[in-house]
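# Summary of structural features
Take a look at the letters that make up each chain.
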Amino acid sequence: MKKIALITGANRGIGLEASRQLAQKGIKVIMASRNQNRGTQAYQQLLGEGLDVDLVKLDMNDPADFDKVYNHINENYGKLDILVNNAGIIHQEENFGENNADKISSTALKETFEVNFFSIINLTQKLLPLIKKSEQGRITNVSSILGSSTVHSDDTSGWYGVKPFAYNASKAALNSFTVHLAATLKDTNIKVNSAHPGWVKTDLGTDAAPMEVQQGAQTLVELSLDEATDFSGKFIHLGEEIPW
Ligand SMILES: NC(=O)c1ccc[n+]([C@@H]2O[C@H](COP(=O)([O-])OP(=O)(O)OC[C@H]3O[C@@H](n4cnc5c(N)ncnc54)[C@H](OP(=O)(O)O)[C@@H]3O)[C@@H](O)[C@H]2O)c1
């Protein structure tokens, strides 16, 4: 049976490209999309490229969708080999160049953490029984170098000035989930890692980003393939470990 992957936020940006690249490697990719129109468009685009993909509705803010996604995978495939927790936001209240730790609203903090942290934990916990049925489970949490506290406490780093607090803190918390879940699953065949895709041209990354989406998806894809990843609990960018 083919490997089965679920990618959240698969209708555009890095998630769409990672869906394409994993499907090109012979993996059946279930594209999870909140926005139904964009989801159907993206799904049909990959089908048109001859790729073996499936589509589910998944709003990370709607826990009822988690049950539906679990049931869909359980009934149709009976297991999940790869979970890519890719869906993420930067809140409209934030600006990448601004350090707003002194004034960010609790609403923005909560809304950011809901998508970038809490929902990922809930979805992963929900799907874990299906991932445990895989011979080589892979969980890839799409983080960011901006979640690195090492980088943010080093004023010589090029990223030092990029301090949207809610976004950065949510990715740091996600990294903590990676480390803790990897330790919990240490004696299983499931590897859990955080990916920094790079600064990538997408709606979130903007046109100012230097990296094209094809290369931006590369780290997620590599971390999701068992031949490329025999480690767990690491923070990786293009094959290199980066500091927490
Ligand atoms: N681009 C970069 O430079 C960069 C750098 C480091 C890390 N990252 C991370 O990479 C991941 C993908 O980012 P991207 O650049 O591809 O961003 P993007 O183009 O803005 O795409 C974000 C994706 O997340 C989905 N999403 C947002 N909120 C959601 C929700 N509540 N429920 C379900 N899906 C939701 C969006 O779906 P809708 O279409 O429905 O809104 C969309 O598919 C994010 O986790 C981001 O933090 C990106």
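Residues numbered from 1 in each chain as written. Predicted model: local features only at pLDDT ≥ 70, side-chain atom pairs only at ≥ 80, totals over all residues.

Here helix H1 (residues 13-24) spans 17 Å end to end across 12 residues, near enough to the 16 Å set by a 1.5 Å rise per residue. For H1, every residue scored as buried is listed here: Gly13, Ile14, Gly15, Leu16, Glu17, Ala18, Ser19, Arg20, Gln21, Leu22 and Ala23. Positioned one or two residues after H1, Gly26 has a phi angle of 90°, which is positive. (Helix = DSSP H or I, 4+ residues; strand = E, 2+ residues; numbered from the N terminus. Expected span 1.5 Å × (residues − 1). Buried ≥ 20, exposed ≤ 12 C-beta atoms within 10 Å, placed from the backbone.)

All right, on to the site of the ligand then. Taken together, 29 residues are adjacent to the ligand, and Gly9, Gly13, Gly88, Thr202 and Gly205 come closest. In terms of residue count, H1 provides more of the shell around the ligand than any other element does, three residues in total. (Near = placed C-beta within 6 Å.)

One non-glycine residue, Thr206, lies in the positive phi region at around 70°. With 11 C-beta atoms packed within 10 Å, Thr206 lands in the exposed category. In the Ramachandran plot, Leu238 falls in the positive-phi region, its phi being about 45° despite a non-glycine side chain. By the secondary structure assignment, Leu238 is in the loop between strand S7 (235-237) and strand S8 (240-241). Using a count of 15 C-beta atoms within 10 Å as the deciding quantity, one classes Leu238 as partly exposed.

A few words on the sheet that holds S7. Strands sit in the order S3-S2-S1-S4-S5-S6-S7-S8 across an open sheet of eight strands; the sheet is mixed. Each of the sheet's edge strands pairs with one partner strand only, and the pair in question is strand S3 (53-57) and S8. Of the strand pairs in this sheet, strand S5 (residues 138-142) and strand S6 (residues 191-195) are connected by five bridges, and their pairing is parallel. When the bridges of S6 are listed, Asn141 appears paired with Ser194. (Pairing = 2+ DSSP bridges.)

Contact geometry of helix H3 (residues 63-76) with helix H4 (residues 106-131) gives a least axis separation of 10 Å together with a crossing angle of 20°. By the angle between their axes, H3 is roughly parallel relative to H4. Between H3 and H4 the crossing geometry is right-handed. In this structure, H3 contributes Pro63, Phe66, Tyr70, Ile73 and Asn74 to the contact, and H4 contributes Asn122, Leu123, Lys126, Leu127 and Leu130. Classifying every residue of the contact of H3 with H4 by side-chain character gives seven nonpolar, two polar and one charged. (Axes fitted to C-alpha atoms, helices over the stretch in contact; angles between N-to-C directions. Parallel < 35°, antiparallel > 145°, perpendicular 65-115°, else oblique. Left-handed = near helix turned anticlockwise from the far one by under 90°. Contact = placed C-beta atoms within 7 Å. Nonpolar A, V, L, I, M, F, W, Y, C, P; charged D, E, K, R; others polar.)

Turning to the packing of H4 against helix H6 (residues 165-184), a few remarks are in order. Two elements in contact, H4 and H6, have axes whose closest approach is 9 Å; the angle formed by their N-to-C orientations is 20°. With respect to H6, the axis of H4 lies roughly parallel. Along this stretch, H4 crosses H6, giving a crossing that reads as right-handed. Residue-level inspection shows Ala108, Leu109, Thr112, Phe113, Asn116, Phe117, Ile120 and Ile121 of H4 in contact with H6, the latter providing Ala166, Tyr167, Ser170, Lys171, Ala173, Leu174 and Phe177.

Moving on, we come to the pairing of S3. The pairing of strand S2 (residues 28-33) with S3 spans five bridges and is parallel. Across the sheet, the residue bridging to Ala32 is Val56, located in S3. Considered for its hand, the β-α-β crossover made up of S2, helix H2 (residues 36-48) and S3 is right-handed. (Right-handed = clockwise from strand over helix to strand, strands pointing away.)

Distances and angles like these do not, on their own, reveal function.
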